[in-house]
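Fold and contact review
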Amino acid sequence: MPNYKASISSKLPDTSTSIFAVMSKLAHEEKAINLSQGYPDFPSSPELINLVSEAMKQGYNQYAPMPGIYSLREVISEKITSMYGTVYHPETEITVTAGATQAIFTIITAMIQQDDEVIIFAPAYDCYIPSIRLNGGKAIEIELQAPDYRVDWKAVKDTISNKTKMIILNTPHNPTGTVLSKDDMIALESLIKDTNIIVLSDEVYEHLIYDGLEHQSIARFPGLAERSFLVASFGKTFHNTGWKMGYCAGPSALMEEFRKVHQYNVFSVNHPIQKALSVYLKNKENYLVLPEFFQKKRDLFLNAIKDSKFVFKPSSGTYFQLLNYANLSEENDLELAKKWTREMKLASIPISMFYSGLIDNKALRFCFAKSDDTLLRGAEILNKIE
Ligand code: PMP
Ligand code: GLN
């Protein structure tokens, strides 16, 4: 096709293809083991798949209600209350979304106006900044300090201004695997209690938390819950990232604004899958097994590379493990991730891509949501790197 001649004024001039798409494509082309993009290489539950296909056969193939089917919103509400205490009313305070990405975009679109500031913690998940910019907002990055990647609440206090509209939290944290503590949440609660700041709490890895730690959802803290959107992803919880299903919970005044946007950027989401999830989610075991399930994978992987030259601290949450390679190479992390995909046949994610300033801490992210065999083959390659 001939090139489009009129000049295009890009709304995201500095944005290129997401690193997850880039590395997975390269891994595929190079037939490399893909520990880059975060998705499982093992199947989702046959019971859940069966429930979806039954729902399709029963005829749930037309539009679902705009906020999601009530029975699913009801179980989501029960799940949040039983785990974290806060009661979200299914009618007015929960909306089923096409994955967490849509929930995040919808929240930001509903809340952020021209020149509003949004505080994010870097390294930050890739969809936050473009969503903020597309809505005329300004992302203000606060750096988490390597190697522990903790939040400096004094820095947050100093960064808050009268333009700050929102703070985006992500715990357990992608890509570092750190989790916020109760003290962190209390610090945030007290910092914003006399402001109009709202919180977007990205908790897609809420069930992927290890070593006996407890997930500190905003829904455990009334002073935060009353001004927060909680975002969750069924893709992460039930090993089916390709279904793009998730939800958003928040107080009714916020949810009302959320739905004004939701109804025009997606209207409603996959009906048969909602039917299936409304049954599957009732069995708490289906998500309560996850810490043990994934901790075993983390430990298998880390044990297999314990004699390598990589430096690491076991991930406390998510299904990602950072490995610091400063002992092995001085190369830039993006170049090295690509080189090892081509030459060693192992793909990972360079962490600099999670900073707008491309800060290179010589760390690569490896996904351990993989079969034991894939993890051991990946570890074998890492052990060979000298
Ligand atoms: N937030 C974080 C921190 C993520 O890692 C991801 C990727 N799963 C998402 C949001 C998006 O989730 P979803 O695939 O449900 O859109
Ligand atoms: N959340 C996934 C990750 O961090 C990727 C999702 C995506 O590719 N957008 O790897």
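In every chain, residue numbers begin from 1 and rise along the written sequence. Throughout, the order in which chains and ligands are written sets their labels, letters from A for the former and numbers from 1 for the latter. Residue-level local features of this predicted model are given only where pLDDT is at least 70; pairs of side-chain atoms are given and counted only at 80 or more, and the full residue set underlies all totals for whole chains, interfaces and linings. In computing side-chain properties, one takes all heavy atoms of the structure into account and sets aside hydrogens as well as water.

Disulfides are defined in this document as cysteine sulfur pairs within 2.5 Å. Evaluation of the coordinates by the stated rule reveals zero disulfides. Cysteine Cys248 shares no disulfide, and the gap to the nearest cysteine sulfur, in Cys127, comes to 13 Å. Classification of Cys248 by relative accessible area gives buried; the value is 0%. Left unpaired, Cys367 is separated from the closest cysteine sulfur, that of Cys127, by 17 Å. Partly exposed residues are those whose accessible area sits between 20% and 50% of the maximum for their type, while under 20% is buried and over 50% is exposed, using a 1.4 Å probe and protein chains only.

Turning our eyes to something else, we now look at the site of ligand 2. Whether a residue is near a molecule or strand depends on its heavy atoms: if one lies within 4 Å, it is near. As a structural note, the neighbourhood of ligand 2 is formed by Phe20, Gln37, Gly38, Tyr125, Asn174, Tyr205, Lys236, Phe320 and Arg365. One of the side-chain N or O atoms of Asn174 is found 2.8 Å from an oxygen atom in ligand 2. Lys236 places a polar side-chain atom, nitrogen or oxygen, 3.4 Å from a nitrogen atom of ligand 2. Relative to its unbound accessible area of 300 Å², ligand 2 is 79% covered by the protein chains. Among the residues making up the shell around ligand 2, the classes are represented as four nonpolar, three polar and two charged. Any N or O atom pair separated by 3.5 Å or less is treated as a polar contact, with the protein-specific requirement of one donor-capable and one acceptor-capable atom, and with residues adjacent in sequence counted only for side-chain atom pairs. The method behind every accessible area is Shrake-Rupley, applied with a 1.4 Å probe, and residues are considered shielded solely by the protein chains displayed. Residues are sorted three ways: Asp, Glu, Lys and Arg are charged, Ala, Val, Leu, Ile, Met, Phe, Trp, Tyr, Cys and Pro are nonpolar, and all the rest, Gly among them, are polar.

Attention now goes to the site of ligand 1. Neighbouring ligand 1 are 13 residues, the closest being Thr101, Asp202, Tyr205, Lys236 and Lys244. Thr101 places a side-chain nitrogen or oxygen 2.6 Å from an oxygen atom of ligand 1. Contact distances for ligand 1 include 2.6 Å between a nitrogen atom and a side-chain N or O atom of Asp202. Considering ligand 1 on its own, with 390 Å² of exposed area, one finds that the protein chains cover 94% of that surface. The element that contributes the greatest number of residues to the shell around ligand 1 is helix H4 (residues 99-111), accounting for four residues. Only DSSP runs of H or I covering at least 4 residues are called helices, and only runs of E covering at least 2 are called strands; the numbering of each starts at the N terminus.

A word on the packing of aromatic side chains. The criterion for an aromatic pair is that two Phe, Tyr or Trp rings (for Trp, the six-membered ring) have centres within 6.5 Å, with stacked assigned to planes under 30 degrees apart, edge-to-face to planes over 60 apart and tilted to the rest. By the definition in use, this model includes 20 aromatic pairs. Ring geometry for Phe42 and Phe294: centres 6.4 Å apart, planes at 45 degrees, overall tilted. Placement of the pair is Phe42 in the loop between strand E1 (33-34) and helix H2 (46-57) and Phe294 in helix H13 (residues 290-304), with a sequence separation of 252 residues. Between Phe301 and Phe366 the ring centres are 6.3 Å apart and the planes differ by 40 degrees, which places this aromatic pair in the tilted class. Of the two residues, Phe301 is situated in helix H13 and Phe366 in strand E12 (residues 363-367); the sequence distance between them amounts to 65 residues.

What the three strands build is an open sheet, ordered E9-E12-E11; its pairing is antiparallel. If you trace the sheet from one side to the other, it starts and ends with strand E9 (320-324) and strand E11 (349-350), each paired once. In this structure, E9 lies alongside E12, joined through five bridges in antiparallel fashion. Across the sheet, Phe320 pairs through a bridge with Cys367, a residue of E12. Only when DSSP finds a minimum of two bridges between them are two strands counted as paired.

The bulk of non-glycine residues show a negative phi, and the bulk of peptide bonds are trans. At the junction of Ala122 and Pro123, the peptide bond is cis and its omega measures out at 5 degrees in the coordinates. Along the chain, the position of Pro123 falls in the loop between strand E3 (117-122) and helix H5 (128-134). Residues Thr171 and Pro172 are joined by a peptide bond in cis, for which omega reads -20 degrees. Within the secondary structure, Pro172 is located in the loop between strand E5 (164-170) and helix H7 (182-192). Although it is not a glycine, Leu358 adopts a positive phi angle of roughly 50 degrees. Along the chain, Leu358 turns up in the loop between E11 and E12. The phi torsion at Lys362 lies on the positive side, around 60 degrees, for a residue other than glycine. The residue Lys362 is located in the loop between E11 and E12 in this model.

Let us now look at the pairing of E3. The element E3 is largely enclosed, with a buried count of six among its six residues. Side chains Glu117, Ile119 and Phe121 of E3 all project onto a buried face; the interleaved residues Val118, Ile120 and Ala122 project onto the opposite face, where all are buried too. Across six bridges, E3 lies against strand E4 (residues 138-143) in parallel orientation. Along E4, the bridge assignment pairs Glu117 with Lys138. Classification remark: right-handed applies to a crossover when, strands pointing away from the viewer, the course from the first strand over the helix to the second runs clockwise. For the segment spanning E3, H5 and E4, crossover handedness is right-handed.

Moving on, we come to the packing of helix H1 (residues 19-30) against helix H14 (residues 333-343). Geometry is summarised by axes, namely lines fitted to C-alpha atoms with helices restricted to the contacting stretch, and by angles between N-to-C directions that run from 0 to 180 degrees. Between H1 and H14, whose axes approach to 9 Å, the crossing angle comes to 25 degrees. What the angle tells us is that H1 and H14 run roughly parallel. As H1 packs across H14, the resulting crossing turns out to be right-handed. Mapping the contact onto sequence places Ile19, Val22, Met23, Leu26, Ala27 and Glu30 in H1 and Leu334, Ala337, Lys338, Thr341 and Arg342 in H14. Tallied by class, the residues present in the contact of H1 with H14 amount to seven nonpolar, one polar and three charged. Here is the rule for angles: anything less than 35 degrees is roughly parallel, anything more than 145 is roughly antiparallel, 65 through 115 is roughly perpendicular, and the remaining ranges are oblique. The sense of a crossing depends on the near helix, which, turned anticlockwise from the far helix by less than a right angle, makes the crossing left-handed and, turned clockwise, makes it right-handed. Any two residues having at least one pair of non-hydrogen atoms within 4.5 Å are treated as being in contact.

This paragraph deals with the pattern of salt bridges. Whenever Lys or Arg places a side-chain nitrogen within 4 Å of a carboxyl oxygen from Asp or Glu, that contact is recorded as a salt bridge. According to the stated counting rule, one finds 15 salt bridges in the structure shown. Lys345 is the salt-bridge partner of Glu30, the closest N and O atoms lying 2.7 Å from each other. Highlighted residues: Glu30 in helix H1 and Lys345 in the loop between H14 and strand E10 (346-347), separated in sequence by 315 residues. For Glu30, a relative accessible area of 21% corresponds to the partly exposed category. With a shortest N-O distance of 3.2 Å, Arg377 and Asp373 are connected by a salt bridge.

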